[in-house]
Amino acid sequence: MYIDGTWCASETNTTFDVFNPASGEKINAVADGTANDARRAIDAAGDAFPMWSKSTAYARAAFLINAHKIMLSRKEELAKTMTTEQGKPIKAARNEVQYAADFLLWYAEEAKRINGEVLPSARADQRFIILHQPVGVVAAVTPWNYPISMITRKVAPALAAGCCIVLKPAEATPLCAIEMFKIFEEAGIPKGVVNLVTTSDPKPIGEEFTTNPAVAKITFTGSTAVGKMLAGKAGANMKRISLELGGHAPFIVCTDADPVHAAKGASLVKFLNTGQACISPNRFLVHASIYDAFVDTLSERVAKMQAGSGFDDGVNIGPLINQAAIDKVDAQVTDATAKGAKLVTGGAQLTAANLANGHFYAPTVLGDVTPDMLIYREETFGPVAPIIKYHDDDDVLAMANDTNYGLAAYVYTQNLSRAMHMLEGLRFGIIGINDINPTSAAAPFGGMKDSGLGREGGKQGIMEYLETKTGGISI
Ligand code: ADP
C-alpha cells in the first residue's frame, strides 16, 4: 500500500493473492489492508490537505503533467499488467492506458480554469464574489473492469481541484493500481496527497470511508447495490458523493438505418472488454424491416471472434473476471432460451484445453428476446447480445426508457429529426448517435436513475471536487 508517501504492509502484515483470469494462475500477492490502514491513509491525506489546497493550480498541474509523461513512457508495461491481471486483449489495454493518461493531461489544464465569478447585486453598495474551493479529503473506490482509467478519472480531477485522496481499488486488480501509484510517486506528488489502500475485504474500508469525519467526499464506480449502500451511509454523514453505477444500455437500430453498418458497430462495442462495461449495449432494439439483415451480419462477425489469452494474436474476446460472472451470464442465456429466445451463435462456457483453466464464455447472439426474459431487464456484464424486434418507431423510445438504469444509449438512424428526438427523449446520460464510443476525458460521463449521481470527465467532472462559496461585500 502507499500511505503518506511510503510503501507499506498492512497493519496485520497479511497479503491476498491476485490471479490471472485467463489461466487461473496466481500472479502475485498484495497487502491486505484494514479499516485502521484506511484511517491512517485518511489522516495522511488530511495532513497534506492544507499545503496541497493552497498550492497554485500551476504547481498542481505540473505534477499531473509529470505523471502523464511517465504514464505514456510506460504504456506497454501498464498494458501488460492490465492484460495479465484483468484479461482484456493487449490492444484494448493499450487503448485504456491512453484514455487513462488523457485525464491527467486534461485536468492539468483544467486546474488553471477553476474560475470564480463577480456578480452584480440588487444593492448598489454590494458586490458578490463567488469562489470554488476544494472539498477536502476524498475517498475513492474503483472497479476491476477498467482498472487504470477509473483511477485517473478520479485522481486527476481531485488533485487538480486541490483535494487529497485515498483510493481503494477492486480486489481483483490491485496490481494496476500499484503501478499507477508508483507513477504518482515518481511524478513527485507530495506525500499524503495520494494514498492507496489495497484489501481483500472492502466492507470495513467502505465503512471507514463513509463514517470518518475527515472524509469530505466519496467517489465510487461499481455496482448499483454497493453504490446505493455507500450513498445511504455517506448521506447520513452528509458527505458529498458521486456514483457511476450499472447500466442497461439500449442499442436502437431505426428503420432508416443501414443494418450492416449498425451490426458492425454492434459487434465492436458489445464485445469490447468481453461485455464487462457499464456502457456496454445490453438490449438491441431492431426494427422489424431490417431485423434479419442486422442479425445475419452481427452473427457472422460474432461467430468469427476468437477467445483466449489477451496476449495471443487475433484474440478479441478475453476471459470474464471469475466463475461467478460466467454463471450469471449462463443463467441469463438459459432462461432466455427456455422462454423462446433463439440461440443464433455461442451460448456456453468455453472449455477447450487452452481455455479450461480460465473463465471464458462464447460470444453469443440471442434473437427474438422478449420482456419476460431476465436478460431483458438485468444488466448482463458479459459477451451476450440479446436482440429484440420492434415494429413501430414511435414505440421504441418508451421501450428503451423502460429500465431503472440510465447510463448509456446508442441510436442508429440516418434521419436527423429522429436523431434529435432520440437525443432529447432518451433518459440516459451518454448517448451515441451512429457512434459507438461517446466518451472522452473532455466530455461528462455519468448516469441518471439507478446508474448514479454526478459526472466524471469534462469541466463538470472537476466541479464534483469543489465547494461553491459566496462572498457578499459591502462597499
Ligand atoms: P462488481 O460486482 O462489479 O465487482 P462491486 O460494486 O462489488 O462491483 O465492486 C466495485 C468496487 O466496490 C470494488 O472496488 C469493490 O471492492 C468495492 N466494494 C464492494 N463492496 C463494498 C463495500 N461494502 N464497501 C466499499 N466498497 C465495496
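Since we're looking at a predicted model, the values are computed, not measured. (Residues numbered from 1 in each chain as written. Predicted model: local features only at pLDDT ≥ 70, side-chain atom pairs only at ≥ 80, totals over all residues. Heavy atoms only, no water.)

A word on the environment of M180
1) Next: Along the chain, M180 turns up in helix α6 (residues 174–186).
2) Next: Since its relative accessible area comes to 0%, M180 is described here as buried.
3) Next: For the pair M180 and H421, spaced 241 residues apart in sequence, the C-alpha to C-alpha distance is 42 Å.
4) Next: Discounting chain neighbours no more than four positions away, the residues touching M180 are M71, L78, I148 and T152. (Helix = DSSP H or I, 4+ residues; strand = E, 2+ residues; numbered from the N terminus. Buried < 20%, exposed > 50% of the residue type's maximum accessible area, 1.4 Å probe, protein only. Contact = heavy atoms within 4.5 Å.)

Comments concerning the domain arrangement of the protein
1) Next: Structurally, the protein comprises domain 1 (2–245 + 451–474) and domain 2 (249–440).
2) Next: Each of domain 1 and domain 2 has a C-alpha centre, and the two are 31 Å apart.
3) Next: Taken together, the contact pairs 22 residues of domain 1 with 25 residues of domain 2.
4) Next: Interface area, domain 1 with domain 2, both sides summed: about 1900 Å², of which 61% is carbon and sulfur. (Domains from an automatic or database assignment. Buried area = accessible area lost by both parts, 1.4 Å probe.)

As for empty space enclosed by the protein
1) Next: Per the stated rule, a full pass over the model turns up 1 cavity of 30 Å³ or more.
2) Next: In this structure, the largest cavity spans a volume of roughly 40 Å³.
3) Next: Every residue lining the largest cavity is counted, 13 residues in all, and those nearest its centre are S242, L243, E244, L453 and E456.
4) Next: Mapped by element, the contributors of at least two residues to the lining of the largest cavity are β10 (215–221) and β11 (240–244).
5) Next: Of the residues assigned to the lining of the largest cavity, the class counts are 4 nonpolar, 5 polar and 4 charged. (1 Å grid on protein atoms, 1.4 Å probe; cavity = no way out; pocket = protein on both sides within 12 Å on 5 of 7 lines; lining within 4 Å. Points joined across faces, edges and corners; volume = space filled by probe spheres on them. Nonpolar A, V, L, I, M, F, W, Y, C, P; charged D, E, K, R; others polar.)

A few points about the packing of helix α13 (residues 393–401) against helix α14 (residues 416–425)
1) Next: At their nearest, the axes of α13 and α14 sit 11 Å apart, and the two run at 25° to each other. Looking at the two axes, α13 sits roughly parallel to α14. The way α13 lies across α14 gives a crossing that is right-handed. Of the residues in α14, those touching α13 at D393, V396, L397 and N401 are R418, H421, M422 and G425.
2) Next: When its residues are assigned to classes, the contact of α13 with α14 shows 3 nonpolar, 3 polar and 2 charged. (Axes fitted to C-alpha atoms, helices over the stretch in contact; angles between N-to-C directions. Parallel < 35°, antiparallel > 145°, perpendicular 65-115°, else oblique. Left-handed = near helix turned anticlockwise from the far one by under 90°.)

Observations regarding the nonpolar core
1) Next: By size, the foremost hydrophobic cluster in this structure holds 83 residues, and its most contacted members are M71, L159, F181, F184, V194 and F209.
2) Next: Non-local contacts of V194, meaning those with residues more than four positions away in its chain, are made with Y2, V155, L159, I165, F181, F184 and I189.
3) Next: In this structure, A257, F271, F294 and L355 belong to the second largest nonpolar core, which totals 34 residues. (Core = buried A, V, L, I, M, F, W, Y, C linked by side-chain atoms within 4.5 Å.)

Overview of the site of the ligand
1) Next: The local shell around the ligand holds 17 residues, among which T142, W144, K168, E171 and S223 are the closest.
2) Next: Between an oxygen atom of the ligand and a main-chain N or O atom of T142, the distance comes to 2.7 Å.
3) Next: Between the ligand and the protein, one listed contact pairs an oxygen atom with a side-chain N or O atom of K168 at 2.9 Å.
4) Next: About the coverage of the ligand: the protein hides 79% of its 550 Å² of free accessible area.
5) Next: For the shell around the ligand, the elements supplying multiple residues, two or more each, are α7 (202–211), β10 and α8 (224–236).
6) Next: Split into classes, the residues belonging to the shell around the ligand amount to 9 nonpolar, 5 polar and 3 charged. (Near = heavy atom within 4 Å. Polar contact = N/O pair within 3.5 Å; in protein donor to acceptor, adjacent residues only side chain to side chain. Areas by Shrake-Rupley, 256 points an atom, 1.4 Å probe, with all protein chains shown as cover.)

Some thoughts on the pairing of strand β13 (residues 281–287)
1) Next: Across the 7 residues that make up β13, a large majority, 7, are buried.
2) Next: Bridge count between strand β12 (residues 249–253) and β13: 5 bridges; the pairing is parallel. Within β13, the position partnered with P250 by the bridge is R283. (Pairing = 2+ DSSP bridges.)

Description of the packing of aromatic side chains
One pair of aromatic rings is described through two measures. These are the centre distance and the angle between the planes.
1) Next: Taken as a whole, this structure holds 12 aromatic pairs when the rule is applied.
2) Next: Arranged with centres 4.8 Å apart and planes meeting at 45°, the rings of Y2 and W7 form a pair that is tilted.
3) Next: Judged by its relative accessible area of 3%, Y2 is buried.
4) Next: The interplanar angle of 80° and the centroid separation of 5.3 Å between the aromatic rings of W106 and Y107 together place this pair among those described as edge-to-face.
5) Next: A relative accessible area of 0% means that Y107 is categorised as buried. (Phe/Tyr/Trp six-rings, centres within 6.5 Å; stacked < 30°, edge-to-face > 60°.)

Digging into the sheet that holds strand β15 (residues 364–367)
1) Next: Judged by pairing direction, the sheet is mixed, and its 7 strands sit side by side in the order β14-β15-β16-β13-β12-β18-β19 without closing on themselves. At either end of the open sheet lies a strand with only one pairing partner, and these are β14 (342–345) and β19 (430–433). Strand-to-strand twist in this sheet, taken as the mean axis angle between neighbours without regard to direction, amounts to 20°.
2) Next: Note: strand β18 (residues 408–412) against β19, 4 bridges, orientation parallel. Paired with Y410 across the strands is G432, a residue of β19.
3) Next: Strands in contact with helix α10 (residues 291–303) are β12, β13, β14, β15 and β16 (384–390); relative to β16, the strand with the most contacts, it is inclined by about 175°.
4) Next: In the packing of α13 onto the sheet, contacts are made with β12, β13 and β16, and the angle to β13 comes to roughly 170°.

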